[in-house]
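Summary of structural features
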Amino acid sequence: QTVQLARYVAQHFNELVFPFKRYQMQRVWRGERPQAGRFREFYQCDIDVINVDALPLHFDAEMPAVMWEILSSLPGMENEKIQIRVSNRKLWLGLLEDLKVRDTGEVLKIIDKLEKVGKKAAYVSLETVVDLPEIREKIFMLAETRCDSADNLAECLAQFGDVQSSVFREGCEELLFVMRNLAHLPQGAVVADLSIVRGLDYYTGTVYETVFVDDPAYGSICSGGRYDDLASGYINKSLPGVGISIGFSRLFARMLEKGKLPAMHKSPADILVVMPSDERRAVTAETAQTLRRRGFRVEMYHAGQKIKRQMEYASKKGIPYVWFPPFDEGGVHEVKNMGTGEQAQATPENWKKQP
């Protein structure tokens, strides 16, 4: 949804207040072979910030912090270990520039698949692009850099002190800044993993991927990054942005597979209003309407059938309360708690669900 966002911001530039902060949840599509957790049609949940001319770097740290809070609070995620892996593409662009590697895009594609195919296969692929073994070793040295704190990262990056590229140095400073501003998260929640480059070329700096620690082969469930030039094709202005998204369908599929989602009722209704007889339909409808006005989700049974059958219907749908309107003129209302079996008199105007 990022490209569409860039077009929207360019189109409505004069109407928006910057920095423009947005979230969006909707269906999206991808053109690839479906597999476990990866569908051609799926739901994605995005957050982005776009500004004019310059976007403060602290937003690059805010994105994963927000996603950590969201993922940690979702039902079924209580005992899941998730890890947000952060990198910066400037490190790669600067290193490859310094090493005078011409086919930068191909090298990044190989590194992007490193975890999936393994180092041996990735090295074989790299041999077709980079001739000198010492350059290949330098590339893999960066790809295998992984640190769980800003201090450790600073030590690791010091090994690349011979790299003269200003782009590389800028990437170092940005990644260190982001890691320092994520230090408040639990140990291991965020790591600097320089094998993360993201396959999309519009990313220009910070990039993210999020995995299950105990199931890394499942792939990323949350990813994104900074894009400084994406809107330039739509408007003659600099509109840098940064964003991150959850693959909701992908996450949901795994939670469902692992049986980690809480059981849900087959019906969203709070109350089933029984229909004593077809002649009492008006009373039944009035009762249902009164309860709905008070905010309850109410289903009215469709026919004056045997009460046993109506009760079975409520039970099968998991509706927690069954309401009995007066069966005769001058009668009283009663409500039954299907969980406890308790039944008592009540009035539609002031009845409250039991805690």
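Above this text sits the structure in question.
In what follows, the accompanying structure is described. (Residues numbered from 1 in each chain as written. Predicted model: local features only at pLDDT ≥ 70, side-chain atom pairs only at ≥ 80, totals over all residues. Heavy atoms only, no water.)

1. Some thoughts on the pattern of salt bridges
Keep this limit in mind: Salt bridge criterion: a side-chain nitrogen from Lys or Arg within 4 Å of a carboxyl oxygen from Asp or Glu. Secondary structure elements follow DSSP: runs of H or I no shorter than four residues count as helices, runs of E no shorter than two count as strands, and numbering proceeds from the N terminus. Residue exposure (1.4 Å probe, protein chains only): buried if accessible area is under 20% of the type maximum, exposed if over 50%, otherwise partly exposed.
Going through the model one piece at a time under the given rule, you end up with 20 salt bridges. Note that Asp 46 is salt-bridged to Arg 22, the shortest N-O span being 3.9 Å. In this pair, Asp 46 sits in strand 2 (residues 41–50) while Arg 22 sits in strand 1 (residues 20–29), placing the two residues 24 residues apart along the sequence. Residue Asp 46 is classed as buried on the basis of its relative accessible area of 4%. Residue classification places Arg 22 among the buried residues on the basis of a relative accessible area of 10%. In this structure, Glu 209 engages Arg 198 in a salt bridge whose closest nitrogen and oxygen atoms are separated by 3.0 Å. Of this pair, Glu 209 sits in strand 6 (residues 206–212) while Arg 198 sits in the loop between strand 5 (190–193) and strand 6, placing them 11 residues apart in sequence. Like Arg 198, Glu 209 is buried.

2. A look at helix 4 (residues 104–112)
In an α-helix, one turn spans 3.6 residues, which is why side chains three or four residues apart end up on the same side. The cut-off we apply is this: Working note: the arc is built from the helix axis to C-beta atom directions. Residues count as neighbours in contact if any of their non-hydrogen atoms are within 4.5 Å of one another.
Taken together, the buried positions of helix 4 are Val 107, Leu 108, Ile 110 and Ile 111. One face of helix 4 carries all of its buried residues, which in axial projection span an arc of 160°. Where helix 4 is buried, its residues meet helix 3 (89–98), helix 5 (114–117), helix 6 (119–127) and helix 7 (133–143).

3. Some thoughts on the packing of aromatic side chains
Just so we agree on the cut-off: Aromatic pairs are defined between Phe, Tyr and Trp rings, using the six-membered ring for Trp, whenever the two ring centres lie within 6.5 Å; interplanar angles under 30 degrees are classed as stacked, those over 60 as edge-to-face, and all others as tilted. Geometrically, a lysine NZ or arginine CZ counts as sitting over a ring once it is within 6 Å of the ring centre and also within 35 degrees of the ring normal.
Evaluated as defined, the whole model comprises 12 aromatic pairs. Taking 5.2 Å as the distance between ring centres and 80° as the angle between the ring planes, the aromatic pair formed by Tyr 301 and Tyr 313 counts as edge-to-face. You can see Tyr 301 sitting in the loop between strand 10 (298–300) and helix 12 (307–317) and its partner Tyr 313 sitting in helix 12, a full 12 residues away along the chain. Here the aromatic cluster, defined as three or more aromatic residues joined through ring pairs, consists of Phe 296, Tyr 321, Trp 323 and Trp 351. Stacked on the ring of Phe 212, the Lys or Arg Arg 254 has its end atom at 3.9 Å from the ring centre. A cation over a ring is seen here: Arg 254 above Tyr 218, with NZ or CZ 6.0 Å from the ring centre.

4. Re the sheet that holds strand 5
For clarity, the cut-off: Whether two strands pair comes down to DSSP finding at least two bridges between them.
Pairing is mixed in the open sheet, where eight strands are placed in the order 1-2-8-7-6-3-5-4. Two strands bound the open sheet, and with one partner strand each, they are strand 1 and strand 4 (146–147). Direction of pairing for strand 1 relative to strand 2: antiparallel, over a ladder of 10 bridges. Its bridge partner being in strand 2, Arg 22 is matched across the sheet by Asp 48.

5. Topic: the pairing of strand 5
The two faces of strand 5 match: Val 190 and Ala 192 on one face and Val 191 and Asp 193 on the other face are all buried. Summarising the sheet, strand 3 (residues 82–88) and strand 5 pair through three bridges and their orientation is parallel. Looking at the pairing, Val 86 lines up with Ala 192 of strand 5. Sheet topology note: the strand 4/strand 5 ladder contains two bridges and is antiparallel. Paired with Arg 146 across the two strands is Asp 193, which belongs to strand 5.

6. Concerning the packing of helix 6 against helix 7
The cut-off we apply is this: Axes here mean lines fitted to C-alpha atoms, for a helix over just the part in contact, with angles spanning 0 to 180 degrees between N-to-C directions. Relative orientations are named as follows: roughly parallel for angles under 35 degrees, roughly antiparallel for angles over 145 degrees, roughly perpendicular for angles from 65 to 115 degrees, and oblique for any other angle. Left-handed is the label given to a crossing in which the near helix is rotated counterclockwise from the far helix by less than a right angle, and right-handed is the label when the rotation is clockwise. Residues are grouped as follows: Ala, Val, Leu, Ile, Met, Phe, Trp, Tyr, Cys and Pro are nonpolar; Asp, Glu, Lys and Arg are charged; every other residue, Gly included, is polar.
Packing of helix 6 against helix 7 leaves a shortest axis separation of 11 Å and a crossing angle of 135°. Relative to helix 7, the element helix 6 lies oblique. Judged by the twist between their axes, the crossing of helix 6 over helix 7 is right-handed. Here helix 6 contributes Lys 119, Ala 122, Tyr 123, Leu 126 and Glu 127 to the contact with helix 7, which in turn contributes Pro 133, Arg 136, Glu 137, Ile 139 and Phe 140. Tallied by class, the residues present in the contact of helix 6 with helix 7 amount to six nonpolar, no polar and four charged.

7. Some points on the sheet that holds strand 12 (residues 333–337)
Pairing is mixed in the open sheet, where five strands are placed in the order 10-9-11-12-13. Taken across any chain shown, the strands that pair with only one partner, and hence form the sheet edges, are strand 10 and strand 13 (343–346). The sheet shows a mean angle of 25° between the axes of neighbouring strands, taken without regard to direction. Both strand 9 (residues 271–273) and strand 11 (residues 321–324) contribute to a ladder of three bridges, which runs parallel.

8. Quick look at the pairing of strand 7 (residues 222–227)
In terms of residue burial, strand 7 counts as a mostly covered element, since six of its six residues are buried. Both strand 6 and strand 7 contribute to a ladder of four bridges, which runs antiparallel. Directly across from Glu 209, in strand 7, lies its bridge partner Ser 223. Two strands pair when backbone bridges link them, and strand 7 and strand 8 (residues 241–247) are joined in this way by six bridges, in the antiparallel orientation. Counterpart to Ser 223 in the pairing with strand 8 is Ser 245.

9. Brief notes about the packing of helix 3 against helix 7
Where helix 3 contacts helix 7, the two axes come as close as 11 Å, and the packing angle between them is 165°. Taken together, the axes of helix 3 and helix 7 lie roughly antiparallel to each other. Like other packed secondary-structure pairs, helix 3 and helix 7 cross with a definite hand, here right-handed. The residues of helix 7 that touch helix 3, namely those facing Leu 91, Trp 92, Leu 95 and Leu 96, are Lys 138, Ile 139, Leu 142 and Ala 143. Residues of the contact of helix 3 with helix 7, tallied by class, amount to seven nonpolar, no polar and one charged.

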